[in-house]
Amino acid sequence: MLPRSLGTLENTVNNRKRNQNQNEVSNENIHWTLKRIKIEDNRDNLFRHMWNYLQQDFSKFHEWVNILNVVDYHDIVDNARMAYSKFLELYPLCYGYWKKYANFEKRNNNINEFKKILENGLNAIPVSVDLWIYYTDYLKLESNNEDVFIRKEFERSLKMCGLDYHSDRLWFNYISWEIEKNEIFNAVNIYYRLIRTPTSNCFKNFLKFQEFIFKNIPEKYLGLAEFNKRRSIIIESLETNQRKLLASDSLPPGDDSINITESTDNNIISIVRISFIESWYNVHSQTIKEFESRKIFEENIERTHFHVKKLKIDQILNWEKYIKFEKKAGNQERIIFLYERCLVSCVSHEKFWLSYLEYLSSINIDVTDLLIDVFKRSLFHHPKSLDLNLKYFNFSENKGWIEKANETITKLGLLYPNSKDVTIRIINLARRKQDETLKSLFKHHLICSQSKSYSSYIAVKYARFVWKHDRQLNLAFNILNDTIRHKNISVNDNFEIYLTLVELKMELSLKDYKSVIKTIDDIISACKLLKDKIAFSKKKVPPVTLAGLTRSPSLISA
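What you see is a predicted model; the values in this text were computed from it and never measured.

So, how was this worked out
- Residues numbered from 1 in each chain as written.
- Predicted model: local features only at pLDDT ≥ 70, side-chain atom pairs only at ≥ 80, totals over all residues.
- Heavy atoms only, no water.
- Helix = DSSP H or I, 4+ residues; strand = E, 2+ residues; numbered from the N terminus.
- Buried < 20%, exposed > 50% of the residue type's maximum accessible area, 1.4 Å probe, protein only.
- Contact = heavy atoms within 4.5 Å.
- Areas by Shrake-Rupley, 256 points an atom, 1.4 Å probe, with all protein chains shown as cover.
- Phe/Tyr/Trp six-rings, centres within 6.5 Å; stacked < 30°, edge-to-face > 60°.
- Lys NZ or Arg CZ within 6 Å of the ring centre and 35° of its normal.
- Salt bridge = Lys/Arg side-chain N within 4 Å of Asp/Glu carboxyl O.
- Polar contact = N/O pair within 3.5 Å; in protein donor to acceptor, adjacent residues only side chain to side chain.
- Axes fitted to C-alpha atoms, helices over the stretch in contact; angles between N-to-C directions.
- Parallel < 35°, antiparallel > 145°, perpendicular 65-115°, else oblique.
- Left-handed = near helix turned anticlockwise from the far one by under 90°.
- Nonpolar A, V, L, I, M, F, W, Y, C, P; charged D, E, K, R; others polar.
- Core = buried A, V, L, I, M, F, W, Y, C linked by side-chain atoms within 4.5 Å.
- Expected span 1.5 Å × (residues − 1).
- Arc of directions from axis to C-beta.
- pLDDT = per-residue confidence, 0-100.

K.L.:
Sorry, what's going on with the overall build of the chain here?
P.N.:
The secondary structure content of the chain amounts to 26 helices and 0 strands. Across the 558 residues in the chain, those meeting the buried criterion constitute 39%. Contacts spanning at least 24 positions in sequence make up 57% of the contacts within the chain whose residues lie at least 6 apart. Looking at the chain as shown, the accessible area adds up to about 32,700 Å², and 52% of this sits on carbon and sulfur atoms.

What follows is the structure in structure tokens.
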């Protein structure tokens, strides 16, 4: 034993060493933590720098790609969510980035966020076969005990994009899942639908269908009642053939003991299978015809996905021809689906949106909800489009949504202050509302108008309103006369304003024929076009009644 003092000394030294080691470990932890914080700060600073740069112009697609690569690599959740959510708000048709965003949340064990992102992506681009495959693959792995829900989601995926030319894999994912669950009857029913669909692998699909039929027991895909019915028919047919053979005079006289091989169950099952496949062959043949007629259009499609780059002209023409073909074929479901596919890659081409809206408005079924959805999407991608906004205004007005119509046309009035189409709708809307804003609108547009044609158009509308509605003929005449003088409008600039002026002059000066004729003659002398001279000359000849009498004294005789 050591003396107490030496034992104490040794303990003290050991304690010091232990504390020193602990301090060294603690210092290493602190150093590592500081280093990690420094790295995260550097990463965050890089993100902030890139984010601030993007704030100046969110339309820089290439910069978006760079920042999304950075946040995905650095794995900082808040930054990633900020970048991905804003990007997908601007570019919702980028299905690949919906997958990347969902993968990011899944990698960080945020399963609820992962599911929300996938659902948002499928709502944003429901015709994406790839996104549906990604989603259903996840369900098959993670939701083993939710068969009803998975089947419902598979059905939803086929409803959204089962008509796609490249949807074969989605169909077979569904079929293989049903087979794994030993739901052979469900699987064959999916095959029935697939055989009718002209997809890119329709030849192989029918071969796989045949393999499926020969690989499975008929009772499972036909049902027991149907199988027994077919089996009975086949047995009866075989027995009839055997009796005919026995009664045949080709047998040796007196030899009625020839051995007829009895039909085995295997033979019957084979006949059932073959006859069943043959019953679907005509359907398959028709599908092949549809496939061949669409193949040329499908093979000419170079881009089935969204991109900010403009499409080539030949690609646009191919989509136009394809849509025209489907319209001629007349299947409404296929036409609508083709428009939806087209508007992924052709989203920046306004004419396809206008064509789609025109088609939906022309069909006999009620597609109000779809029309509203297409209007919203088209105006999201083309918020300043005059034609799309005018269509939406007309649609809202017809539905009786006056506030929405007023909001749309007011926005257009600011974007297109000199548009006749916009102005006439603003004026007509005010007239239907029967408020006091109509005359103010006329005055405002007359003052703000820049071109002679637009000024003439507004002046004629304004004058006719106070003339016909308020019976203020002098005010109407002054509106036209002042517009002609202030805007320096000649009869060759605008025929309509002078014609209206003459009609007003005739009504104002019923007895002063010479004044009216002088006005007409002055206008005729200024006309350059013969047809205009003739039109004004006719105003000098009064209309004749059925009795051959004039309603007013002849201006010419005067």
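K.L.:
How should unusual backbone geometry be read in this particular structure?
P.N.:
One can expect most non-glycine residues to show negative phi and most peptide bonds to be in trans. The phi torsion at Asp75 lies on the positive side, around 65°, for a residue other than glycine. Looking at the element boundaries, Asp75 is found in the loop between α2 (61-74) and α3 (77-90). According to the relative accessible area criterion, Asp75 is partly exposed, its value standing at 32%. A positive phi angle is found at Asn182, which is not glycine, with a value near 60°. In this fold, Asn182 is placed in the loop between α8 (168-180) and α9 (184-195).

K.L.:
Can you walk me through the packing of aromatic side chains in this structure?
P.N.:
The geometry of an aromatic ring pair is captured by two quantities: the separation of the ring centres and the angle between the planes. Going through the model one piece at a time under the given rule, you end up with 39 aromatic pairs. Consider the rings of Phe154 and Tyr174, whose centres lie 4.7 Å apart with planes at 5°: the pair is stacked. Of this pair, Phe154 sits in helix α7 (residues 147-161) while Tyr174 sits in helix α8, and the two are 20 residues apart along the sequence. Since its relative accessible area comes to 1%, Phe154 is described here as buried. On the basis of an interplanar angle of 35° and a centroid distance of 6.0 Å, the ring pair of Phe442 and Phe465 is categorised as tilted. Of this pair, Phe442 sits in helix α21 (residues 437-448) while Phe465 is found in helix α22 (residues 452-468), placing the two residues 23 residues apart along the sequence. Residue Phe442 shares its accessibility class with Phe465, and that shared class is buried. Against the face of Phe58 rests Lys86, its NZ or CZ located 4.9 Å from the ring centre.

K.L.:
Help me out: how do you make sense of the pattern of salt bridges in this one?
P.N.:
A side chain of one charge can pair with a side chain of the opposite charge when the charged atoms of the two come close. Inspection of every chain in the model, using the stated rule, returns 31 salt bridges. Here Lys404 ties to Glu407 by a salt bridge, and the two come within 3.9 Å at their closest N and O atoms. One end of the pair is Lys404 and the other is Glu407, both in helix α19 (residues 402-415) and 3 residues apart, which spans about a single turn. When its relative accessible area of 51% is taken as the criterion, Glu407 is described as exposed. Linked through salt bridges whose partners overlap, the residues forming this network are Glu290, Arg294, Glu326 and Arg334.

K.L.:
I would appreciate a short explanation of the side chain of Thr199 in the present structure.
P.N.:
Mapping Thr199 onto the fold places it in the loop between α9 and α10 (202-215). Of the polar contacts made by the side chain of Thr199, one reaches the side chain of Asn205; its length is 3.1 Å. Sequence-distant contacts of Thr199, defined by excluding residues within four places in its chain, comprise Asp164, Tyr165, Ser167, Asp168, Leu194, Asn205 and Phe291.

K.L.:
Teacher, can you tell me more about the packing of helix α6 (residues 129-142) against α8 here?
P.N.:
Here α6 crosses α8 at 15°, and the two axes come no closer than 10 Å. Considered as vectors, α6 and α8 are oriented roughly parallel to each other. Pair α6 / α8 crosses with left-handed handedness. Between α6 and α8, the contacting residues are Val129, Trp132, Ile133, Thr136, Asp137 and Lys140 on the first element and Arg169, Leu170, Asn173, Ser176 and Trp177 on the second. Split by residue class, the contact of α6 with α8 holds 5 nonpolar, 3 polar and 3 charged.

K.L.:
Help me understand the nonpolar core, please; the structure alone is not making it clear to me.
P.N.:
The nonpolar side chains of a soluble globular protein tend to be buried with one another. Grouped together as the largest cluster of nonpolar side chains are 105 residues, with contacts concentrated most on Phe87, Phe209, Trp319 and Leu360. Sequence-distant contacts of Phe87, that is, excluding residues within four places in its chain, are made with Phe61, Trp64, Leu68, Cys94 and Tyr97. Counting residues in each nonpolar core, the second largest holds 35 residues, with Tyr457, Val491, Leu499 and Val502 among its members.

K.L.:
In this structure, what is going on with α19? I would like to understand it.
P.N.:
Turn by turn, an α-helix covers 3.6 residues, leaving residues three or four places apart pointing in a common direction. Over its 14 residues, α19 runs 20 Å from end to end, which matches the ideal 20 Å to within 8%, given 1.5 Å per residue. Restricting attention to buried positions, one finds in α19 the residues Ala405, Thr408, Ile409, Leu412 and Gly413. Along the long axis of α19, the arc covered by the buried residues comes to 140°, so they all point the same way. Of the exposed residues in α19, those oriented more than 90 degrees away from the buried face are Glu403, Glu407 and Leu414.

K.L.:
It is not clear to me how the environment of Asn228 should be interpreted in this structure. Could you clarify?
P.N.:
If you trace the backbone, Asn228 turns up in helix α12 (residues 224-246). For the pair Asn228 and Pro218, spaced 10 residues apart in sequence, the C-alpha to C-alpha distance is 9.8 Å.

K.L.:
Can you help me understand helix α20 (residues 420-433) in this one?
P.N.:
Between its first and last C-alpha, α20 extends 20 Å over 14 residues, near the 20 Å set by a 1.5 Å rise per residue. Within α20, the full set of buried residues consists of Val422, Thr423, Arg425, Ile426, Ile427, Leu429 and Ala430. Of the surrounding elements, those touching the buried residues of α20 are α18 (386-398), α19, α21 and α22. Backbone nitrogen of Asp421 and a side-chain oxygen of the N-cap are separated by 3.4 Å at the start of α20; the cap is Ser419.

K.L.:
Can you help me understand the side chain of His445 in this one?
P.N.:
Its location among the elements puts His445 in helix α21. The class of His445 is buried, set by a relative accessible area of 8%. Apart from residues lying up to four places away in sequence, His445 is in contact with Pro417, Thr423, Ile426, Tyr454 and Ile458.

K.L.:
Explain the confidence of the model for the chain to me, please; I cannot follow it from the model alone.
P.N.:
Parts of the prediction with low pLDDT should not have their coordinates interpreted in detail. In the predicted model, the chain carries a mean pLDDT of 85, and 84% of its residues have values of at least 70. Per-residue pLDDT stays below 50 along residues 257-262; that stretch engages in 6 contacts with residues further than four places along the chain or on separate chains. With pLDDT under 50 throughout, residues 544-558 is counted as low confidence; its partners more than four residues away or in other chains account for 21 contacts.

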